[in-house]
Amino acid sequence: MSEDINVAQVERYRNNFLKEVTDNVEEGEWVRMCMQCGVCSGSCPLGPYWDHPPQEIFMMIRANKRDEVLSSTSMWMCTSCYNCIVRCPRELPITHIMHGLAHYATRLGLAPKEQPTYKFSQRFWDNLVKKGRINELKLGVNLYFMNGFSEGVKTSLKMAPVGLGMLKTKRMSPMEMVGGHSIKDLKGFHAMLKKAEELESARVDAKGGSAKNA
Amino acid sequence: MATKEYSFYPGCSSQKGASSSNYLKSVESMCDTLDISLNTIPDWNCCSASIGYCGGGELPRLALSARNLALSEKHNPGQDVVASCAACWLATRETVERLEDDSGLMAETNTALKEAGLEFKNENKIRHMVEVIIEDVGYEELGKHVVKPLEDIKIAGYVGCQTNRPFGIEGESFENPKYLDKLVETLGGEPVEDYDKKVSCCGGALAFSEPEKSQALIKDIIESAYDGGAEMIVTPCPVCQMNVEVYQDQINAKYGTKFKMPVVYYSTLMTVAYGKSAKDAALEGQVIPATRLEEIAGK
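Computed from a predicted model, the values in this text were never measured in an experiment. (Residues numbered from 1 in each chain as written. Chains lettered and ligands numbered in written order. Predicted model: local features only at pLDDT ≥ 70, side-chain atom pairs only at ≥ 80, totals over all residues. Heavy atoms only, no water.)

Draft legend 1. Region of interest: the overall build of chain B. When its secondary structure is counted, chain B shows 13 helices and 8 strands. A compact globule built from 299 residues would reach a C-alpha radius of gyration of about 19 Å, and chain B, at 19 Å, matches this within 12%. Counting only C-alpha atoms, chain B reaches 55 × 50 × 35 Å along its principal axes. Residues counted as buried form 67% of the 299 residues belonging to chain B. For chain B, long-range pairs separated by at least 24 residues make up 79% of all intrachain contacts whose partners lie at least 6 apart in sequence. In the form shown here, chain B has an accessible surface area of approximately 10,300 Å², with 46% of it arising from carbon and sulfur atoms. (Helix = DSSP H or I, 4+ residues; strand = E, 2+ residues; numbered from the N terminus. Rg over C-alpha atoms; globule rule 2.2 N^0.38 Å. Buried < 20%, exposed > 50% of the residue type's maximum accessible area, 1.4 Å probe, protein only. Contact = heavy atoms within 4.5 Å. Areas by Shrake-Rupley, 256 points an atom, 1.4 Å probe, with all protein chains shown as cover.)

Here's what the structure looks like:
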């Protein structure tokens, strides 16, 4: 499915990645306002780790570096600290653009599958959708085992003292593994999310999918 | 003083057996003293914090917060929505801002909500718990309830990210907010001046997915508190509290440091200063015990 959407979007926006971002990425229309001052990159706590800090990502979007941007590990390292947002002289919602790029890359099947925060982010969403509320214990265990069983055992052992501390202080409960918190109206909740996803996909399809439907 | 009533959004981490269940306990104790009544939004759901964006696109995420707000309007009409968690507060406020800004999104959100038999009308303000105690109660009143001042305790006010940016507390700067320091002072404690990491990021959700990177950030936050002479750190955010408290052993092992700095919530400090028990302040919830507070609570 995602390959189809990707192909359709490439067709539709050939050599105009900026337009594609403007049309499809959450808050993407703001990319046009970037004046390349670099305050965002300098303010980012994980700046030193990014392959391409925000300022660079924005320039790459304008330079049609579509694959490099969408498959980048960079925006997945956003900690959502909002330093870039409050300091940007042109008030770009940079944090949201990063999240938007990350989601759009996922939608197109181009996100870097081995990036740990990509994996965590997907697991977080799946976890909350299930019961309407996050189950911290299941999320943690799921995260430790995201790189396979033996890695998982190693991580679990390394994290055992932290877990034990949380257990002792009753800030973690083994009962979460079997039952766990849930909202009551799960049916309505799931119907709401399904509708929201449909409406959102329809928006992308209406723009990008038109080549396919023509 | 008349009872103040709010529609309360506690958030996932405050649930029983969850990582900041101690926060909720101390907030309840604090509100009890201040005559604040918190009416929990029935059947509230997760807001997806700041990390659910991979699977959740814009509209599904907005729908999550809109559902909570619609439930609040239905069951707690006319009441401001109050969140104690920074991420809950931020996600909910952002939702309102985004929907106010885009009538198309507002219409689509309500189409989705209709599937759950709900409607969002945008009737009430979204507040953070610290906003409420500072703006609606005020430092003077907050100080009046102090019966056991936190004398001679030097405390670093770690404001962190999301309680501070992009909205922050009215009248405070993003770079050097003072409200936690003022709260500490109000309670009789001594705030650390020039705590240069007070608004630095702890790595948030990345503490779980990319621990080495965020632990480097956490190390600096704790180190800077020690440098300022602090005996403990106080914070308004559940993620900050957990990240800065529970990884200290791992950081010590990696960096050769000897950190053992208690990290507490403002509500823990207030509950103790208000003369309530260690249990009311949820001090048993400290992974690194706040010994000085236990002593005061036991007096």
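Draft legend 2. Layout of the pattern of salt bridges. This model, assessed by the stated rule, comprises 28 salt bridges over all chains. For Glu26(A), the salt bridge goes to Arg98(B), with nearest N and O atoms at 2.9 Å. Placement of Glu26(A) in the loop between α2 (17-24) and α3 (39-43) and of Arg98(B) in helix α3 (residues 86-101) is noted, with the two residues assigned to different chains. The residue Glu200(A) makes a salt bridge to Arg107(A) at a minimum N-O spacing of 3.5 Å. On the criterion of sequence distance, the pair formed by Glu200(A) in helix α11 (residues 186-208) and Arg107(A) in helix α7 (residues 94-107) is long-range, its members being 93 residues apart. The exposure class of Glu200(A) is buried, given its relative accessible area of 7%. Under the relative-accessibility criterion, Arg107(A) is labelled buried at 17%. (Salt bridge = Lys/Arg side-chain N within 4 Å of Asp/Glu carboxyl O.)

Draft legend 3. Representation of the sheet that holds strand β1 (residues 4-9) of chain B. Residue and element names in this part refer to chain B. One open sheet holds the 4 strands; their spatial order is β2-β1-β3-β4, and the pairing between them is parallel. Edge positions in the open sheet fall to β2 (36-40) and β4 (126-128), since each of these has one partner strand only. On average, adjacent strands in this sheet sit at an angle of 40° to one another, irrespective of strand direction. Of the strand pairs in this sheet, strand β3 (residues 81-83) and β4 are connected by 3 bridges, and their pairing is parallel. The residue bridging Val82 from the neighbouring strand is Arg127, located in β4. Helix α5 (residues 129-137) rests against β1, β2, β3 and β4 of the sheet, and its axis sits at about 90° to β4. (Pairing = 2+ DSSP bridges. Axes fitted to C-alpha atoms, helices over the stretch in contact; angles between N-to-C directions.)

Draft legend 4. Quick look at helix α10 (residues 149-168) of chain A. Maximal helix bending in α10(A) amounts to about 50°, located at Ala160(A); proline Pro161(A) follows within four positions. Of the residues making up α10(A), those classed as buried are Gly152(A), Met159(A), Val162(A), Gly163(A), Gly165(A) and Met166(A). Buried-residue contacts for α10(A) involve α9 (136-144) of chain A together with α10 (238-246) and α11 (248-255) of chain B. Of the residues one or two after α10(A), Lys170(A) is the one with positive phi, at around 60°. (Bend = angle between axes of the 7 residues up to and from the residue.)

Draft legend 5. Focus on empty space enclosed by the protein. Under the defined criterion, the tally for this structure stands at 6 cavities of 30 Å³ or more. The space that makes up the largest cavity amounts to roughly 210 Å³. Forming the walls of the largest cavity are 19 residues, and the residues nearest its centre are His96(A), Ala49(B), Arg61(B), Ala91(B) and Glu94(B). Listed by contribution, the elements that provide at least two residues to the lining of the largest cavity are α7 of chain A together with α2 (58-75) and α3 of chain B. Among the elements that take part in the lining of the largest cavity, α3(B) stands out by supplying 5 residues, more than any other. In the lining of the largest cavity, the residues fall into 8 nonpolar, 7 polar and 4 charged. (1 Å grid on protein atoms, 1.4 Å probe; cavity = no way out; pocket = protein on both sides within 12 Å on 5 of 7 lines; lining within 4 Å. Points joined across faces, edges and corners; volume = space filled by probe spheres on them. Nonpolar A, V, L, I, M, F, W, Y, C, P; charged D, E, K, R; others polar.)

Draft legend 6. A look at the packing of aromatic side chains. All names here are of chain B. All chains considered together, the criterion is met by 10 aromatic pairs over all chains. On the numbers, 6.2 Å between centres and 70° between planes, the contact of Trp89 with Phe167 is edge-to-face. Within this pair, whereas Trp89 is found in helix α3, its partner Phe167 is found in the loop between β5 (154-157) and α7 (179-186), the two being separated by 78 residues in sequence. On the basis of relative accessibility, which here comes to 0%, the residue Trp89 falls in the buried class. (Phe/Tyr/Trp six-rings, centres within 6.5 Å; stacked < 30°, edge-to-face > 60°.)

Draft legend 7. Quick peek at the confidence of the model for chain B. Of the residues in chain B, 99% reach a pLDDT of 70 or more, and the chain-wide mean stands at 97. Confidence estimates for the predicted assembly give a pTM of 0.96 and an ipTM of 0.96. (pLDDT = per-residue confidence, 0-100.)

Draft legend 8. Examining a nonpolar patch on the surface more closely. Nonpolar side chains collect at one region of the surface, where Phe149(A), Val153(A) and Leu157(A) lie side by side and expose about 340 Å² of accessible area between them. When you line up the elements, Phe149(A) lands in helix α10. (Patch = residues over 30% accessible without salt bridge, like charges linked within 9 Å, V, L, I, M, F, W, Y side chains within 5 Å.)

Draft legend 9. A look at the nonpolar core. Residues Phe58(A), Ile61(A), Met98(A), Leu101(A) and Met192(A) are the most contacted members of the largest nonpolar core, which totals 89 residues. In terms of residue count, the dominant contributor to this core is α2(B) (8 residues). With sequence-adjacent residues up to four places away left out, Met192(A) is seen in contact with Ala63(B), Leu64(B), Arg67(B), Ala112(B), Leu113(B), Glu115(B) and Ala116(B). If you look at the next biggest cluster of nonpolar residues, it comprises 43 residues, including Tyr179(B), Val184(B), Met232(B) and Ala273(B). (Core = buried A, V, L, I, M, F, W, Y, C linked by side-chain atoms within 4.5 Å.)

Draft legend 10. Local environment of the layout of surface pockets. By volume, the second largest pocket amounts to about 860 Å³. Lining the second largest pocket we find 34 residues, and of these Glu26(A), Glu27(A), Glu29(A), Glu58(B) and Arg98(B) sit closest to its centre. When residues of the lining of the second largest pocket are traced back to their parent elements, those giving at least two are α2, α6 (83-87), α7 and α11 of chain A together with α3 of chain B. At 5 residues, the largest contribution of residues to the lining of the second largest pocket is made by α7(A). Its residues assigned to classes, the lining of the second largest pocket shows 12 nonpolar, 7 polar and 15 charged.

Draft legend 11. The pairing of strand β7 (residues 232-235) of chain B, seen in detail. All names here are of chain B. Here β7 shows no split at all, with Met232 and Val234 on one side and Ile233 and Thr235 on the other all buried. Of the strand pairs in this sheet, β5 and β7 are connected by 3 bridges, and their pairing is parallel. The partner of Ala156 across the bridge, within β7, is Ile233. By the bridge criterion, 3 bridges tie β7 to strand β8 (residues 263-265) in an arrangement that is parallel. Residue Val234 lies in a different strand from β8, and its bridge partner there is Val264.

Draft legend 12. Here's a closer look at a negative patch on the surface. Negative charge collects at one region of the surface, where Glu151(B), Asp152(B), Glu185(B), Glu190(B), Glu193(B), Asp194(B), Asp196(B) and Asp227(B) lie side by side. Here Asp152(B) lies in the loop between α6 (139-144) and β5. (Lys, Arg positive; Asp, Glu negative; His and termini not counted. Charge placed at Lys NZ, Arg CZ, Asp CG, Glu CD.)

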